[in-house]
Amino acid sequence: MTDSVLPVAHDGTDAEARPVFAQERRILGVPASTWPGTLAPVAVGILGLAAWEILVRVYAVPSYILPGPLLIAQTLVQDWGTLSGALWITLRITFAALIAAVTIGVALAILFTQSKWLEKSLFPYAVVLQVTPVVSIAPLIIIWVGDLTLSLLICAWLVAFFPILSNTILGLNSADHNLVNLFQLYGANRWQTMRYLKLPAALPYFLGGLKISGGLALIGAVVAEFVAGSGGNASGLAYRILEASYQLKIPRMFAALVLISGSGIAIFLATSAIAHLLLRRWHESAVKREN
Amino acid sequence: MSAPLVLDGTPATRPLVRIAGVSKQFGNGTLAVRDVNLDLAQGEFVSLLGPSGCGKSTLLRMVAGLGAPSAGSIDWPTTTYDSAGRLERDLGFVFQDPTLMPWATAIANVMMPLVLKSMRKPEAEARAAEMLALVGLKGFEKAYPRELSGGMKMRVSIARALVTRPRILLMDEPFAALDEITRHRLNDDLLALWWQNRFTAVFVTHSVFESVSLSQRIVVMAARPGRVMADLEVDAPYPRDDLFRTSAEYAHLCRVASETLKKAIAL
């Protein structure tokens, strides 16, 4: 059940009040009208996988060139012990990097909007960090930092933090100017203006940045692992892919790939869900059109 | 039936706001306001009437303290300074757009001025609810701005401006974007609120009819540069309802204001 705001008859009030949250039939907690949109891509996926499996079998493609989806699934189950450990390591780095990106990105954005000079003098360096390919500086970072997990974390963070920083700065600066005037009229101090006006105004922008950064943190972690290329107990999915390719265990490579893509999709869905929950009552991006 | 007269001289008591020789030149060289002298008396309903570009909004913003005059002064003879050395203007401001925070409910929007003045939440909430009821929005406390119609959003905006019980309410063409019927309703309700609470009301408009039906005094302004052309008294009793708006007296007042405005534009 959604909260419903129903029009109440009044004297002197416009009669144009409209009921906003009409109740809709739900199947498994999801509104009935969204089911076709969910099922269509699933159907396309199943058809694609079936076609893949059939082609591989008909043309008898060897599994070290292209394994079929069923073999990949089988390998995923068989090698779950090794792969899940690697997945966990990659995800840990991804999430740590994302949390660091959010904290540092938002903190820097707030700092930058406090002083134009600070932004002017520091922002170009944030851009430099962003445009330098992580592959090219990862070896340096690994040499300098020493600790492998920390180096990977730094690499993933470098890739992930910029969208959060630049989006949050944009959001903090995009509060309605007349609302800023109004806060000034009521003598609001910096902290009040930040808390009650600028941060809420920046929320949709920040969440847009978070969606991008979630995927980038994963990519950053995987790329850095490739560059590091070391084995041992700190080896994530990227290392498992490298290892499988040396040993020509192509089905296992695909299984690791499935896990990476799956994680990316899960992160995207999770950040989208967070954005939807936070914005659904008020932001145009999250509310349904009513015509 | 009495004809409106052109006022000269100042009211006997001290005015709430004294605008003396005020000019405003913007950075790009535009002279938006030139040498305006105007006293706003306690409790009166004044309209600033003029074509677009006559500096009426700029003048209103300067009265509010948003932007300082380039020359002249705006004094508040009866007003004190707060501990931080700021003038306690004690005003409410209604913009042309409702200017509500889209992420906050109606009641949270109305509460905001009180929250910024560090009032405790239960008290602020009670006063905001009371104010929402006064503007006819009882039952809409938890509605978000996007769930409200244009007229209702404007009502929330007025409630927010009045929740601090200000001595003066400044309105910058607040109903210009609304349809005719909604505008009439809001005009009536605004007058009722003013009649009961007797704050000073300054209403910027480019509508002759709106200024005549609302105010006790119409300050007609001319454009380029913005300056005061005439100060008309609207000598008609309140409440002014539909009956007044169809009377011969109203038509006569409108004609006088209209002719003055025409002269102002022709200059």
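Computed from a predicted structure; not experimentally measured. Numbers given to residues run from 1 along each chain, matching the order in which its sequence is written. Chains carry letters and ligands carry numbers; both start at the beginning, A for chains and 1 for ligands, and go up in the order they are written. Given that the model is predicted, a residue must reach a pLDDT of at least 70 before its local features are reported, and side-chain atom pairs must reach 80 or more before they are shown or counted; all residues, however, enter totals for whole chains, interfaces and linings. Only hydrogens and water are removed before side-chain values are computed, so all heavy atoms of the structure are retained for them.

Chemist: Quick question: what am I supposed to make of the packing of helix 5 (residues 134-145) of chain A against helix 8 (residues 190-228) of chain A here?
Modeler: Any two packed helices are characterised by the angle at which their axes cross and by the distance between the axes. Residues and elements named next belong to chain A. Here helix 5 crosses helix 8 at 60°, and the two axes come no closer than 9 Å. Viewed along their axes, helix 5 and helix 8 adopt a mutual orientation that is oblique. Once helix 5 is placed against helix 8, the crossing between them reads as right-handed. Across the interface between the two elements, Val134, Val135, Ala138, Pro139 and Ile142 of helix 5 pack against Val223, Val227 and Ala228 of helix 8. Looking at the contact of helix 5 with helix 8 residue by residue, the classes come out as eight nonpolar, no polar and no charged. To get an axis, fit a line to the C-alpha atoms, keeping to the stretch in contact for a helix; angles then go from 0 to 180 degrees between the N-to-C directions. For the purposes of this entry, the term helix denotes a DSSP run of H or I that reaches at least four residues, the term strand denotes a run of E that reaches at least two, and both are numbered from the N terminus. The cut-offs work like this: below 35 degrees is roughly parallel, past 145 is roughly antiparallel, 65 to 115 is roughly perpendicular, and the gaps in between are oblique. Helix crossings get a hand from a simple test, with the near helix turned counterclockwise from the far one by less than a right angle marking a left-handed crossing and a clockwise turn marking a right-handed one. We call two residues in contact whenever any of their non-hydrogen atoms come within 4.5 Å of each other. Ten residues, namely Ala, Val, Leu, Ile, Met, Phe, Trp, Tyr, Cys and Pro, are considered nonpolar, four, namely Asp, Glu, Lys and Arg, are considered charged, and the remaining ones, Gly among them, are considered polar.

Chemist: Sorry if this is basic, but what is going on with the confidence of the model for chain A here?
Modeler: Atom-level detail of predicted coordinates should not be read off regions where pLDDT is low. Residue and element names in this part refer to chain A. With 89% of its residues at a pLDDT of 70 or more, chain A has an overall mean of 87. pLDDT is defined as a per-residue confidence score from the predictor, taking values between 0 and 100. Taken as a whole, residues 1-12 scores under 50 in pLDDT and shows 23 contacts with residues more than four places along the chain or in a different chain. Contacts of residues 15-20 to residues separated by more than four positions or lying in other chains number 17 contacts, the stretch itself having pLDDT below 50.

Chemist: Is there a simple way to think about the interface of chain A and chain B in this case?
Modeler: Accessible area lost during the coming together of the parts is what is often quoted as the interface size. Each side of the interface is counted separately: chain A has 35 residues, and chain B has 40 residues. In this description, buried area is defined as the sum, over both parts, of the accessible area (probe of 1.4 Å) that is lost when the two are combined. Overall, the association of chain A and chain B removes approximately 3300 Å² of surface from exposure, summing both partners, and the carbon and sulfur fraction of that is 60%. The term salt bridge refers to a side-chain nitrogen of Lys or Arg lying within 4 Å of a carboxyl oxygen of Asp or Glu. Remark: the boundary between chain A and chain B carries one salt bridge. In this structure, the salt-bridge partner of Glu147(B) is Arg281(A), at a minimum N-O distance of 3.2 Å. As used in this structure description, the phrase polar contact means that two N or O atoms lie within 3.5 Å; if the pair is within protein, one of them must be able to donate a hydrogen and the other to accept it, and residues adjacent in sequence are counted only when both atoms belong to side chains. Our count for the contact surface shared by chain A and chain B stands at three residue pairs in polar contact (both at pLDDT 80 or more). The set of elements that each furnish at least two residues to the side of chain A that touches chain B consists of helix 7 (177-185) and helix 8 of chain A. Top contributing element to the side of chain A that touches chain B by residue count: helix 7 of chain A, with seven residues. Looking at the side of chain A that touches chain B, its residues break down into 19 nonpolar, eight polar and eight charged.

Chemist: Please explain the packing of aromatic side chains as it appears in this structure.
Modeler: Aromatic ring pairs are defined here through the distance separating the ring centres and the angle between the ring planes. All names here are of chain B. For this analysis, a ring pair means two rings from Phe, Tyr or Trp (six-membered ring only for Trp) whose centres lie within 6.5 Å, classed as stacked if their planes differ by under 30 degrees, edge-to-face if by over 60, and tilted for the remaining angles. By the definition in use, this model includes 12 aromatic pairs over all chains. When the centroid spacing of 5.4 Å and the interplanar angle of 85° are considered together, the rings of Phe45 and Trp194 count as edge-to-face. Within this pair, whereas Phe45 is found in strand 3 (residues 45-49), its partner Trp194 is found in helix 5 (residues 180-197), the two being separated by 149 residues in sequence. Burial status follows relative accessibility: with a 1.4 Å probe on protein chains alone, a residue under 20% of its type maximum counts as buried, one over 50% as exposed, and anything between as partly exposed. Phe45 gets classed as buried once you look at its relative accessible area, which sits at 0%. For Trp194, a relative accessible area of 0% puts it in the buried group. Ring geometry for Trp194 and Trp195: centres 6.0 Å apart, planes at 55°, overall tilted. Through successive ring pairs, a cluster of aromatic residues spans Phe45, Phe175, Trp194, Trp195, Phe203 and Tyr238. Its guanidinium or amino end placed over the ring of Tyr238, Arg240 lies 4.1 Å from that ring's centre, counting from NZ or CZ. Criterion for a charge above a ring: Arg CZ or Lys NZ at most 6 Å from the ring centre, at most 35 degrees from the ring normal.

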